[in-house]
Amino acid sequence: MKKVLILGLFILAAMGIQAQGYQIGDKAKDFKLKNVDGKQISLADYKDAKGFIVIFTCNHCPYAVAYEDRIIEIDKKYKEKGFPVIAINPNDPELYESDSFDNMIVRAKEKRFTFPYLMDETQEVFKRFGATKTPHVFILSNNSEEYTVEYIGAIDNNYKDETQVTSTYVEDALDALLQNKKPEITSTKAIGCGIKTKG
């Protein structure tokens, strides 16, 4: 059994996928995924970006829906400062039809998303990152297309009521990075729905 486990970890490492996903300080690998406008998007497309707010989210999850307006506001605030939101739907649409690509297009139009909304069709990207929930945030800094993981976790500390938020984890981390500092809090527990996958 132990040999099988070691072999499995070795295979994952050979594929460039860590069993637990990225940790703070790790270098994230770029990806190319289809956006709701039909175009393929990668981090390298953003030549002037100081970093990225990668958020694994979806259409159906109540937690994800509760954060949609906040994600739009975060994108509007920080995109012009060099940190755009990149939203990725990691769910298997065969398990949740409401998370299909066509429904993503509808949702993006309804909510007037200001950011790309990508489909992780093979589900390889969320596994590489180690995302487990929707929403699940990974803030990356960008140094000549070397993407360093600076923060992992929740957007803030109250998904139910934005007016009751007392800790804005993502904004605090971004404000620190914009001052060339490391975030004081680099990791929090992501609160949301489990990612829908067949395996």
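All values reported here derive from a predicted model rather than from experimental measurement. (Residues numbered from 1 in each chain as written. Predicted model: local features only at pLDDT ≥ 70, side-chain atom pairs only at ≥ 80, totals over all residues. Heavy atoms only, no water.)

Caption draft 1: Representation of the overall build of the chain within the structure. On a plain count of helices and strands, the chain comes out with five helices and 10 strands. Residues counted as buried form 48% of the 199 residues belonging to the chain. For the chain, long-range pairs separated by at least 24 residues make up 75% of all intrachain contacts whose partners lie at least 6 apart in sequence. With an accessible surface of roughly 10,600 Å², the chain has 52% of that area assigned to carbon and sulfur atoms. (Helix = DSSP H or I, 4+ residues; strand = E, 2+ residues; numbered from the N terminus. Buried < 20%, exposed > 50% of the residue type's maximum accessible area, 1.4 Å probe, protein only. Contact = heavy atoms within 4.5 Å. Areas by Shrake-Rupley, 256 points an atom, 1.4 Å probe, with all protein chains shown as cover.)

Caption draft 2: Expanded view of the side chain of Ser-42. For Ser-42, the location among the structural elements is in strand β3 (residues 40–42). Taking relative accessible area as the criterion, Ser-42 reaches 5% and is therefore assigned buried. Excluding its chain neighbours within four sequence positions, the residues that come into contact with Ser-42 are Asp-30, Phe-31 and Lys-32.

Caption draft 3: Structural view of the side chain of Asp-75. Locating Asp-75 in the fold gives a position in helix α2 (residues 62–79). Relative accessible area serves as the criterion here: at 0%, Asp-75 is assigned to the buried category. A distance of 3.0 Å separates a polar side-chain atom of Asp-75 from the backbone nitrogen of Val-85. Beyond its immediate stretch of four places on either side in the chain, Asp-75 contacts Pro-84, Val-85, Thr-114 and Phe-115. (Polar contact = N/O pair within 3.5 Å; in protein donor to acceptor, adjacent residues only side chain to side chain.)

Caption draft 4: Empty space enclosed by the protein, seen in detail. Counted under the stated rule, the structure contains two cavities of 30 Å³ or more. What lines the largest cavity is simply Thr-57, Cys-58, Asn-59, Glu-68, Ile-71, Arg-107, Phe-113, Phe-115 and Tyr-117. Residue composition of the lining of the largest cavity, grouped by class: five nonpolar, two polar and two charged. In this structure, the second largest cavity spans a volume of roughly 40 Å³. Across the lining of the second largest cavity, the residue classes tally to five nonpolar, no polar and no charged. (1 Å grid on protein atoms, 1.4 Å probe; cavity = no way out; pocket = protein on both sides within 12 Å on 5 of 7 lines; lining within 4 Å. Points joined across faces, edges and corners; volume = space filled by probe spheres on them. Nonpolar A, V, L, I, M, F, W, Y, C, P; charged D, E, K, R; others polar.)

Caption draft 5: Structural detail: the packing of α2 against helix α5 (residues 169–178). With their axes 12 Å apart at the nearest point, α2 and α5 run at an angle of 5° to one another. In terms of axis orientation, α2 runs roughly parallel to α5. In this structure, α2 uses Ile-74, Lys-77 and Tyr-78 to contact α5, whose residues at the interface are Val-170, Glu-171, Leu-174, Asp-175 and Leu-178. (Axes fitted to C-alpha atoms, helices over the stretch in contact; angles between N-to-C directions. Parallel < 35°, antiparallel > 145°, perpendicular 65-115°, else oblique.)

Caption draft 6: Local environment of the confidence of the model for the chain. Here the chain averages 91 in pLDDT, and 90% of its residues register 70 or above. Here residues 1–19 is modelled with pLDDT under 50, and outside its nearest four sequence neighbours on either side it reaches eight contacts, counting other chains as well. (pLDDT = per-residue confidence, 0-100.)

Caption draft 7: Fine view of the sheet that holds β3. Across the sheet, which stays open at both edges, the eight strands sit in the order β1-β9-β8-β4-β5-β6-β2-β3 with mixed pairing between neighbours. Since the sheet does not close on itself, it has two edges, and those belong to β1 (27–28) and β3, each with one partner. Here six bridges tie strand β8 (residues 136–142) to strand β9 (residues 147–153), and the two strands are oriented antiparallel to one another. Each bridged residue has a counterpart across the sheet, and for Phe-138 the counterpart in β9 is Ile-152. (Pairing = 2+ DSSP bridges.)

Caption draft 8: Focus on the nonpolar core. Within the largest apolar cluster, 28 residues are counted, with the highest numbers of intra-cluster contacts made by Ile-53, Ile-74, Val-137, Ile-139, Tyr-151, Val-170 and Leu-174. Residues in contact with Ile-53, not counting those within four places in the same chain, are Ile-74, Tyr-78, Phe-83, Pro-84, Val-85, Ile-86, Val-137, Phe-138, Val-170 and Leu-174. Leu-43, Ile-86, Leu-118 and Val-125 belong to the second largest nonpolar core, which has 24 residues in total. (Core = buried A, V, L, I, M, F, W, Y, C linked by side-chain atoms within 4.5 Å.)

Caption draft 9: View of the state of the cysteines. Counted according to the given criterion, the structure contains one disulfide. With a sulfur-sulfur separation of 2.1 Å, Cys-61 is cross-linked through a disulfide to Cys-193. Looking along the S-S bond of the Cys-61-Cys-193 disulfide, the torsion reads about 85°, which is the right-handed sense. Here Cys-61, found in the loop between β4 (51–56) and α2, pairs with Cys-193, found in strand β10 (residues 193–194); they are 132 residues apart in sequence, far enough to count as distant. Looking at Cys-58, it has no disulfide partner, and the nearest cysteine sulfur is the one in Cys-61, 5.0 Å off. (Disulfide = S-S within 2.5 Å.)

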